[in-house]
Amino acid sequence: MTKTSVRIGAFEIDDAELQGDNQGERTLRIPCSSDPDLCMQLDAWDAETSIPAILNGEHSVLYREHYDQKSDTWVMRLA
């Protein structure tokens, strides 16, 4: 896991974690403690909604994978 900075719209998260090396296997974990408002927004979207984001200065597209209740974290899939 690598600590990653991510920007989704007006939301900026500095403690997200990037996992995986291969295209299609990469995920981003966004802790809800970082920005509860963003987590409520993510909860309202479905898995097919593409989410434009900037990860460490690079444009990316995220899709909601699932919510990890144990760690209070959203797991996002990178397109």
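Above this text is the structure in question.
Anyway, here's the lowdown on the structure attached to this text. (Residues numbered from 1 in each chain as written. Predicted model: local features only at pLDDT ≥ 70, side-chain atom pairs only at ≥ 80, totals over all residues. Heavy atoms only, no water.)

This brings us to the state of the cysteines. In protein structure, a disulfide is the covalent linkage between the sulfur atoms of two cysteines. Applying the stated rule across the entire model yields 1 disulfide. Between the sulfur of Cys32 and that of Cys39 lies a disulfide, 2.3 Å long from S to S. Its S-S torsion of approximately -105 degrees makes the covalent link between Cys32 and Cys39 left-handed. Across this residue pair, the class does not change: Cys32 and Cys39 are buried. (Disulfide = S-S within 2.5 Å. Buried < 20%, exposed > 50% of the residue type's maximum accessible area, 1.4 Å probe, protein only.)

It is worth spelling out the nonpolar core at this point. If you look at the biggest cluster of nonpolar residues, it comprises 18 residues, and the most contacted ones within it are Val6, Ile8, Leu28, Ile30, Leu42, Leu62 and Met76. Put simply, the parts of the chain that give this core at least two residues each are β1 (2–8), β2 (11–19), β3 (27–31), α1 (36–44), β4 (51–55) and β6 (73–78). Excluding residues within four positions of it along the chain, Leu28 makes contact with Thr4, Val6, Ala16, Glu17, Leu18, Leu55, Leu62, Trp74, Val75, Met76 and Leu78. (Core = buried A, V, L, I, M, F, W, Y, C linked by side-chain atoms within 4.5 Å. Helix = DSSP H or I, 4+ residues; strand = E, 2+ residues; numbered from the N terminus. Contact = heavy atoms within 4.5 Å.)

Side-chain positions along a regular strand alternate between the two faces of the sheet. Bridge count for β4 against strand β5 (residues 58–68) is 5 bridges, and the pairing is antiparallel. Of the residues in β5, the one forming a bridge with Leu55 is Glu58. In sequence, β4 turns back onto β5 through a hairpin of 2 residues, with Asn56 there showing a positive phi of about 50 degrees. Pairing analysis gives 6 bridges linking β5 to β6, with the strands arranged antiparallel. Each bridged residue has a counterpart across the sheet, and for Arg64 the counterpart in β6 is Met76. Between β5 and β6, which pair antiparallel in sequence order, lie 4 residues; one of them, Asp72, sits at a positive phi of approximately 50 degrees. (Pairing = 2+ DSSP bridges.)

Keep in mind that these numbers describe shape and distance, not what the molecule does.
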